[in-house]
Amino acid sequence: AACGRSALASAARTARDAAPEPALPALLPSELDVPVVYELAPAVAALEAAVPRTFGDMAERRSVPGRDRLQFAFAAERTPFDVRVRGATATVAATVSYRARGWYAARFAPDVSGSCGLGDASPRLRIVLATTVRLDETWRLRPRTRLVSLAPVTDSTRDRCRVTAARFDVTDRVLSAVRGKLEDRLAAVDAGLARADVKSKVERWWELLQRPIRIRDSLWLEIRPRDVRLGAPSAEDGALVAPLALTAQPHLVTGPRPTTPPTPLPALGARAAIAGDSAPTGLRVRLDAEMGYDDATHLLAPRMVERALARGGRRVRVRRATVAPAPGGSGAVDLDVEGDVAGRVYVVGRPVYDAPTGELRVPDLDFVVDVDHPLVRGLDWLRHDELRDLLRARARWPAAALVDSARVRLERALNRDLTQGVSLAAEVPTARVLAVYAAREGVVLRAEAQGEASLRVRRAPPMPKRRRPAPAAAAASGR
């Protein structure tokens, strides 16, 4: 047996049963950004409607408390509100120009009067209002509008109204009258803003994110949102942007389209509520890249077939090499050899991923033969370390492209329109292999893809106002 041509049969057999999947650490939760844009145009329109453009009446004399002989009248007109947004606060400002007259009733003489703003430059006041908007845990909009300041535009005589003949400064009286008008209307403004329906809009997005996303045939991605938290609002193009963060547990599902029951929109929490090592950061999804055994065989053949293996003057030549699963999640290479030994030889090992080279390797690949077989006695040269190491060096497969292809498919599936005006956007630049195992149909590389994802809501353009026809045109048309 040691000197002649021998027929060799291996005791190893490939396994077609499913290998157990490797245990992996729990996947950290993902976070999706959802910017809720609150247009300020309705708020400004509410302010414009609630705060009158004109104040006072020159024909209406007003008494001055504590000074029975003094009376005054004024008429004011404000400019449209100008909006500035910073953080969660919208500041609106307007300039009020006014004219006034004062009267002093002398005891034994006709009334003495004086005026300002009649025929000369009108005094001016500056109104500054601030509206702070927040969302409470029930998704109700909670606005608070307050008067920040009301004062003359400047300290110069231009913006003071002194009735010198009556020795009376009307400025403070006008300020007091305007302040009263404003404060009477602010509660109505907040009540109007609070009627905005934010919850139904977010519920619609929440429902969209629970729909399975098709990656490819029989492979689906479920985003599985869990909770929603609110970050610090900011400003964008004259709008308030409330940054919501959705915590999710994305999961890939094989088979028919999943029918996971939907979960209702939870109460709104604070973004800082989840902290520490378990805090969600970006998008994390487990994905599998698979190399079928036929593909593995095709890639291995040029490295093995027709290659001579020699040791101590003994030579064998590989005529065929087939990759197949082996028990316990290992992989087997079935070799048909000829030469000083003819027959089938199995080498078995557990595949691993070599990140620096992007290759699948089998560093523990070893012969599996029945050492008690009479034909094997004396063939120790076949199991020599050098020969085994030569097989290990040749048993490798390029695999980085498989992982990258799975990553690209995931990224492509995550960039899609969910409905009109609402789209899911994602970047998944990296995927790292966590484990490798030999399954029934191929070698599976289990990876973790990492990136960023957000829900993008396109802001609808403002609807043009319908112009009413001029009276003559309306009469001509019969309306």
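Coordinates for the structure precede this section.
Quantities reported herein were computed from a predicted structural model and do not represent experimental measurements.

Some details on the sheet that holds strand β26 (residues 359-361)
- Strand order in the open sheet formed by three strands is β25-β26-β28, and the pairing between neighbours is antiparallel. At either margin of the open sheet sits one strand with a lone partner, and together these are β25 (352-354) and β28 (396-398). Taken pair by pair, the neighbouring strands of this sheet meet at an average axis angle of 30°, ignoring direction.
- When β25 meets β26, the two strands line up antiparallel, connected through three bridges.

Re the environment of S218
- Of note, S218 is situated in the loop between β13 (213-216) and β14 (219-222).
- A relative accessible area of 46% means that S218 is categorised as partly exposed.
- A C-alpha to C-alpha distance of 7.4 Å links S218 and R257, two positions 39 residues apart in sequence.

Considering the nonpolar core
- Ranked by internal contacts, the top residues of the largest apolar core, which has 109 residues, are F74, V178, L244, W397, L410, L414 and L424.
- A per-element tally of this core places helix α2 (residues 171-194) first, with eight residues.
- With near-sequence residues (within four places) excluded, V178 lies in contact with F55, F74, L125, I127 and L150.

With respect to the state of the cysteines
- Under the criterion given, the structure shown has one disulfide.
- Between the sulfur of C116 and that of C161 lies a disulfide, 1.7 Å long from S to S. The chirality of the disulfide connecting C116 with C161 is left-handed, given an S-S dihedral of about -95°. Taken together, the residues span a long stretch of sequence, with C116 in strand β8 (residues 112-116) and C161 in the loop between β10 (141-152) and β11 (162-163) at a distance of 45 residues. Each member of the pair, C116 as well as C161, is classed as buried.

Quick notes on empty space enclosed by the protein
- Per the counting criterion, the structure on display carries five cavities of 30 Å³ or more.
- Here the largest cavity defines a volume of roughly 110 Å³.
- For the largest cavity, the lining is made up of 13 residues, of which V323, G331, V362, W397 and V443 are closest to its centre.
- Among the elements of the structure, α4 (293-304) and β23 (330-339) are those that each provide at least two residues to the lining of the largest cavity.
- In terms of residue count, β23 provides more of the lining of the largest cavity than any other element does, three residues in total.

A short note on the pattern of salt bridges
- In the structure shown here, the tally under the stated rule is 25 salt bridges.
- Residue D288 is joined to R446 by a salt bridge in which the shortest nitrogen-to-oxygen separation is 2.6 Å. One end of the pair, D288, is in strand β20 (residues 283-292); the other, R446, is in strand β31 (residues 442-457), and 158 residues separate them in sequence.
- Looking at R446, the relative accessible area reads 14%, which means it is buried.
- Between R396 and E359 there is a salt bridge; the shortest N-O distance is 3.7 Å. Here the residue R396 occupies a position in strand β28, and E359 occupies one in strand β26, the gap between them amounting to 37 residues.
- Owing to a relative accessible area of 23%, R396 belongs among the partly exposed residues under this scheme.
- Since its relative accessible area comes to 13%, E359 is described here as buried.
- Salt bridges linked by common partners bring R160, R162, D169 and D172 together as one network.

Examining the pairing of β23
- When you tally the buried positions in β23, you get seven out of ten residues, the bulk of the element.
- In this sheet, β23 lies alongside strand β22 (residues 314-326) in antiparallel orientation, the contact comprising ten bridges. Residue pairing across strands places R317 opposite E338, the latter belonging to β23.
- Taking the residues between adjacent antiparallel strands as the criterion, β22 and β23 are bridged by three residues, where G328 takes a positive phi near 75°.
- Note: β23 against strand β24 (residues 341-349), seven bridges, orientation antiparallel.

Rules used throughout
Residue numbers here run from 1 along each chain, matching the order of that chain's written sequence. The predicted origin of the model limits local features to residues at a pLDDT of at least 70 and limits the giving and counting of side-chain atom pairs to 80 or more, whereas totals for whole chains, interfaces and linings rest on all residues. Excluded from the side-chain calculation are hydrogens and water; included are all heavy atoms of the structure. Paired strands, in this sense, are two strands between which DSSP finds at least two bridges. The helix and strand labels rest on DSSP assignments: H or I over at least four residues marks a helix, E over at least two residues marks a strand, and numbering proceeds from the N terminus. In this analysis, axes come from line fits to C-alpha atoms, helices being fitted only over the stretch in contact, and the angle between any two N-to-C directions falls in the range 0 to 180 degrees. Only protein chains enter the accessibility calculation, which uses a 1.4 Å probe; a residue is then buried when its area is under 20% of its type maximum, exposed when over 50%, and partly exposed in between. Among buried residues, those of type Ala, Val, Leu, Ile, Met, Phe, Trp, Tyr and Cys that are joined through side-chain atoms within 4.5 Å constitute a nonpolar core. Contacts are residue-level and defined by heavy atoms, with any inter-residue pair within 4.5 Å sufficient. Count a disulfide wherever a pair of cysteine sulfur atoms falls within 2.5 Å. Two kinds of site are reported from a 1 Å grid over the protein atoms alone, namely cavities, where a 1.4 Å probe fits but cannot get out, and pockets, open sets with protein on both sides within 12 Å along at least five of seven lines, and residues are called lining when an atom falls within 4 Å of a point. Grid points are joined across faces, edges and corners, and a volume is the space filled by probe spheres set on the points. Salt bridges are counted wherever a side-chain nitrogen of Lys or Arg sits within 4 Å of a carboxyl oxygen of Asp or Glu.

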